[in-house]
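Per-entry structural report
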2 protein chains.
Amino acid sequence: MFQQAKQNRIFQDVINQIQEAILKGELKVGDKLPAERELKEIFKTSRGTLREALRVLEQKGLIAIKTGVNGGAFVKPVTTHQVSESLDLLVRYQRVSLKDLAEFREGVEGIVTGLAAERAKKEDIQYLMNLLKEAKIHIDEGVSHWDEFIRVDNTLHMAMAHIAGNPVYQSVLQIVHDNINRYYDQFLPKEEEIMRENYQDLCGIVKAVEDRQAVKSRVLAQDHVHRFYRFMEEKEKRQEKYSP
Amino acid sequence: MFQQAKQNRIFQDVINQIQEAILKGELKVGDKLPAERELKEIFKTSRGTLREALRVLEQKGLIAIKTGVNGGAFVKPVTTHQVSESLDLLVRYQRVSLKDLAEFREGVEGIVTGLAAERAKKEDIQYLMNLLKEAKIHIDEGVSHWDEFIRVDNTLHMAMAHIAGNPVYQSVLQIVHDNINRYYDQFLPKEEEIMRENYQDLCGIVKAVEDRQAVKSRVLAQDHVHRFYRFMEEKEKRQEKYSP
DNA sequence: ATGTTATAATGGTTAAACAATTCTAATAAA
DNA sequence: TTTATTAGAATTGTTTAACCATTATAACAT
């Protein structure tokens, strides 16, 4: 019920103060914090304690530290990187499975594509068309262009999130992609047939978005993601069967 | 294309070594690392540098540090907490709007409730029923039990995520709730009428889940969340109008 | 102009000590 | 005997002061 009341550790207090200053905007992206030897005076603490605080802020992705003249701690723009890293840790610690991640992606990708269908402007559709053209080129090159095809596929999905225009969806989808791509390398069989099928999926999705068919877009996007997951699941089983 | 090659910082090497030992299972949950003064000898470094490494590992959620006799650094079970914290930071840093957050919640809540409808067991339904009973009690007490009602509402939504059985959805929804509750206090008008309407929503949702109607569950849950958002939006406008 | 070097500012590391916390066991009191 | 108190030791938390490593800049040389 109650939280531990004490706040004994000095470095934690320093972390809190600097973090709040950044979140409140008192320290803006690119701003340089005072040098360690100055901060030490400001917080009335020792350099060691201060450095423990800076290490944590660096780990949180709030600051970057450079050595040398004109070096120091600089406020960083916050990105999805830290979330991805902690999610990666969860996956590697086996607290989150491929199945969980793929199911989550399926849901989010569906919503995002549905929203994109409602909100796409002419130039958005044009951009999607161009991505499809690019994908087609890679398919015609065969499996040697597998990686490029996957890259275009990802770009297209992220474009949907951008069209949907909600930064929360954009960030979350970015994080899921970053993490799930590691599985692709491991489990997704690199076959031309799969490239072609997925290209057909993408064409259908873009068509539905163009026609402003939100529900159809959502369902197609979900099926598309789900198919990727099934391929991986099958390959995983084959690998277990033949090389245990 | 290429990553920076150098690896100058000693503390980073210490972090990597300990983290790998934990992820490989060489250090198991609950295990105690050697005392700082021993680790210092093992890694042939100074205590200050070593402590910077321990601070980062603590921040990552991999270890917990206790003072006193029998204290030290203990390997922690990895939870979704770190993902939540970093995602929370991302949301706060980007100053995500209420609209974006509410829209995201609408989508996720819909999916989760749909999945719950497909997967709920008898005892899950029973638990949801009990929550509804509890909510009813608070409603009959009127707006004085507003906070308790909101708490039950949140519990019910989190229960859906639990029933859906996917830890990713659970974490994400938890974070959204934590963040959106800040807005509730500020913008949601505390009226008995709203309590009653939302109670009716919840009853409808639980009924749909009980009947295994996934699509209906999803739509009802989305509408429910959307109504909350509309209330807040209206109050926000009124506040702008009368006290600018 | 261009290349080299010295300088100084800054983070990175080390060492040794003392403070604060907390478990354990010895001791005292009931 | 049981319970309360106290002393001790192990451990993290903090401080201080010095030195090392990196790097931008300015002075200097070519």
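Residues numbered from 1 in each chain as written. Chains lettered and ligands numbered in written order. Predicted model: local features only at pLDDT ≥ 70, side-chain atom pairs only at ≥ 80, totals over all residues. Heavy atoms only, no water.

1. What about the overall build of chain A?
Let me state the cut-off plainly: Put simply, DSSP marks the helices as runs of H or I at least four residues long and the strands as runs of E at least two long, and each gets a number from the N terminus on. Here the radius of gyration uses the C-alpha set of atoms, whereas the globule reference equals 2.2 Å times the residue count to the power 0.38.
The secondary structure content of chain A amounts to 10 helices and two strands. Shown N-terminal to C-terminal, the secondary structure of chain A runs as helices and strands in the order α-α-α-β-β-α-α-α-α-α-α-α. In terms of C-alpha radius of gyration, chain A reaches 23 Å, well past the compact-globule figure of 18 Å for 244 residues. The principal-axis extent of the C-alpha atoms belonging to chain A is close to 65 × 50 × 45 Å.

2. A look at the interface of chain B and chain A
Here is the rule: By the convention used here, residues are in contact when the closest approach between their heavy atoms is within 4.5 Å. Throughout, the accessible surface (probe 1.4 Å) given up by two parts as they are put together, summed over both, is called the buried area. Salt bridges are identified by distance alone: a Lys or Arg side-chain nitrogen within 4 Å of an Asp or Glu carboxyl oxygen.
Taken residue by residue, the interface counts 49 residues in chain B and 53 residues in chain A. With both chains or domains summed, chain B and chain A bury close to 4300 Å², and 62% of this area falls on carbon and sulfur atoms. Broken down residue by residue, the surface that chain B buries against chain A is led by B:Val78, B:Tyr93 and B:Phe104, which jointly contribute 15%. Between B:Arg119 and A:Glu103 there is a salt bridge, with its nearest N and O atoms 2.6 Å apart.

3. Side note on the relation of the copies chain B and chain A
Filter applied, for reference: Copies overlap after least-squares fitting; the atoms used are the C-alpha atoms of residues with pLDDT of at least 70 in both.
You can overlay chain B on chain A at an RMSD of 1.5 Å; the transform is a turn of 178 degrees with a shift of 0.2 Å along its axis. Here the two chains are linked by the operation of a two-fold rotation axis. Take the interface residues of chain B: 98% of them recur as interface residues in chain A, which is what a same-surface contact looks like.

4. Here we look at the side chain of A:Arg105
Position of A:Arg105 relative to the elements: it lies in helix H5 (residues 98–119). Residue contacts for A:Arg105: discarding those within four places in its chain leaves A:Asp153, A:His157, A:Val176, A:His177, A:Ile180, A:Tyr184 and A:Val225.

5. So, the environment of A:Glu197
Residues and elements named next belong to chain A. Formally: Categorising residues by exposure relies on relative accessible area from a 1.4 Å probe, with only protein chains included: less than 20% of the type maximum marks a residue as buried, more than 50% marks it as exposed, and the intermediate range marks it as partly exposed.
Position of Glu197 relative to the elements: it lies in helix H9 (residues 192–210). Judged by relative accessible area, which is 25%, Glu197 ranks as partly exposed. Separated by 30 residues in sequence, Glu197 and Arg227 place their C-alpha atoms 9.5 Å apart. Glu197 has contacts with Arg227 and Phe231, leaving out every residue within four places of it along the chain.

6. Description of the pairing of strand E2 (residues 72–75) of chain B
Residue and element names in this part refer to chain B. For clarity, the threshold we go by: Between any two strands, pairing holds if DSSP finds at least two bridges.
Pairing of strand E1 (residues 63–66) with E2 involves four bridges; the strand directions are antiparallel. By the bridge assignment, Ile65 is partnered in E2 with Ala73. The antiparallel hairpin formed by E1 and E2 contains five residues in its connecting segment, where Gly68 sits at a positive phi of about 85 degrees.

7. Re the protein's contact with DNA strand C
Here is the rule: Proximity is defined per residue: any heavy atom of the residue falling within 4 Å of a molecule or strand makes that residue near it. Pairing of N or O atoms within 3.5 Å defines a polar contact, subject to two protein rules: one partner must be a possible hydrogen donor and the other a possible acceptor, and residues neighboring in sequence count only if both atoms are side-chain atoms. Classification convention: Asp, Glu, Lys, Arg as charged; Ala, Val, Leu, Ile, Met, Phe, Trp, Tyr, Cys, Pro as nonpolar; all other residues, Gly among them, as polar.
The local shell around DNA strand C holds 28 residues, among which A:Arg37, A:Arg47, B:Ile10, B:Thr45 and B:Ser46 are the closest. Here the atoms of DNA strand C within 4 Å of the protein split so that 64% fall in sugar or phosphate, with bases taking the remainder. Residue A:Glu36 places a main-chain N or O atom 3.0 Å away from a phosphate oxygen belonging to DNA strand C. Taking A:Arg51, its side chain carries an N or O atom lying 3.0 Å from a phosphate oxygen of DNA strand C. Elements that contribute at least two residues to the surface near DNA strand C include exactly helix H2 (36–42), helix H3 (47–59) and strand E1 (63–66) of chain A together with helix H1 (10–23) and helix H3 (47–59) of chain B. Element by element, the count of residues in the surface near DNA strand C is highest for H3(A), at three residues. Here the residues of the surface near DNA strand C sort into six nonpolar, 12 polar and 10 charged.

8. Regarding the packing of aromatic side chains
Going by this rule: To pair, rings of Phe, Tyr and Trp, with the six-membered ring standing in for Trp, must have centres within 6.5 Å; the planes then decide the type, stacked if under 30 degrees apart, edge-to-face if over 60, and tilted in the middle.
A complete count under the given rule lists two aromatic pairs over all chains for this structure. With centroids separated by 4.9 Å and ring planes inclined at 65 degrees, the aromatic side chains of A:Phe104 and B:Tyr169 adopt a geometry described as edge-to-face. Placement of A:Phe104 in helix H5 and of B:Tyr169 in helix H8 (residues 167–187) is noted, with the two residues assigned to different chains.

9. With respect to the protein's contact with DNA strand D
In the neighbourhood of DNA strand D, 29 residues make up the surrounding shell, with A:Ile10, A:Thr45, B:Arg37, B:Arg47 and B:Arg51 lying closest. Expressed as a percentage, the sugar and phosphate content of the atoms of DNA strand D within 4 Å of the protein is 64%. Here a sugar or linking oxygen of DNA strand D and a side-chain polar atom of A:Thr67 are 3.4 Å apart. Of all the secondary-structure elements, those providing two or more residues to the surface near DNA strand D are helix H1 (10–24) and H3 of chain A together with helix H2 (36–42), H3 and E1 of chain B.

10. A closer look at the packing of H1(B) against H3(B)
All names here are of chain B. What counts is decided by this rule: Orientation is described by axes fitted as lines to C-alpha atoms, over the contacting stretch for helices, and by angles from 0 to 180 degrees between their N-to-C directions. Here the word oblique covers every angle except those under 35 degrees (roughly parallel), over 145 (roughly antiparallel) and from 65 to 115 (roughly perpendicular). By definition, any crossing whose near helix is turned counterclockwise from its far helix by less than a right angle is left-handed, and any crossing with a clockwise turn is right-handed.
Contact pair H1 / H3: the axes reach a minimum separation of 8 Å and the direction vectors enclose 50 degrees. Between H1 and H3, the angle is such that the two are oblique. Crossing of H1 over H3 shows right-handed handedness. Counting all contacts with H1, which are made through Ile10, Phe11, Val14, Ile15, Ile18 and Gln19, the residues of H3 involved are Thr49, Leu50, Glu52, Ala53, Leu54, Val56 and Leu57.

11. Brief notes about the packing of H5(A) against helix H8 (residues 167–187) of chain A
Residues and elements named next belong to chain A. It is the contact of H5 with H8, at a shortest axis distance of 10 Å, that shows an interaxial angle of 135 degrees. Relative to H8, H5 is oriented oblique. By crossing handedness, the relation of H5 to H8 is classed as left-handed. On H8, the residues touching Leu98, Leu101, Ala102, Phe104, Arg105, Val108, Glu109, Ile111, Val112 and Leu115 of H5 are Tyr169, Val172, Leu173, Val176, His177, Asn179, Ile180, Tyr183, Tyr184 and Phe187.

12. What about the nonpolar core?
Definition in use: Throughout this description, the term nonpolar core refers to a set of buried Ala, Val, Leu, Ile, Met, Phe, Trp, Tyr and Cys residues connected via side-chain atoms within 4.5 Å.
Counting 153 residues, the largest nonpolar core has A:Met160 and B:Met160 as its most contacted members. Filtering out sequence-adjacent residues up to four positions away, A:Met160 remains in contact with A:Val112, A:Thr113, A:Ala116, A:Leu128, A:Ile205, A:Val206 and A:Val209.

13. Concerning unusual backbone geometry
You will see that A:Asn70, though not glycine, has its phi angle at about 65 degrees, which is positive. Its place among the elements puts A:Asn70 in the loop between E1 and strand E2 (72–75). We note that B:Arg95 has phi near 50 degrees; this positive angle belongs to a residue other than glycine. Locating B:Arg95 in the fold gives a position in the loop between helix H4 (81–93) and helix H5 (98–119).

14. A short note on the domain arrangement of chain A
Rule in force here: Just so you know, the domain bounds were taken from an automatic or database domain assignment.
Here the domain parsing of chain A yields domain 1 (10–75) and domain 2 (81–242). Between the C-alpha centres of domain 1 of chain A and domain 2 of chain A the distance comes to 38 Å.

15. Things to note about the layout of surface pockets
Cut-off, in case you're wondering: Only protein atoms enter the 1 Å grid used here. Points where a 1.4 Å probe fits but cannot escape make up a cavity, open sets with protein on both sides within 12 Å along at least five of seven lines make up a pocket, and a residue lines them when an atom lies within 4 Å of a point. Grid points are joined across faces, edges and corners, and a volume is the space filled by probe spheres set on the points.
Of the voids in this model, the largest pocket is the one considered here, and its volume is about 1500 Å³. Listing elements by their share of the lining of the largest pocket, those giving two or more residues are H2, H3, E1, E2 and helix H4 (81–92) of chain A together with H1 of chain B. For the lining of the largest pocket, the per-class residue count stands at 12 nonpolar, 14 polar and 17 charged. Reported here for the second largest pocket is a volume of approximately 1100 Å³. Taken together, 33 residues line the second largest pocket, and the ones lying closest to its centre are A:Arg9, A:Gln12, B:Gln59, B:His81 and B:Glu85.

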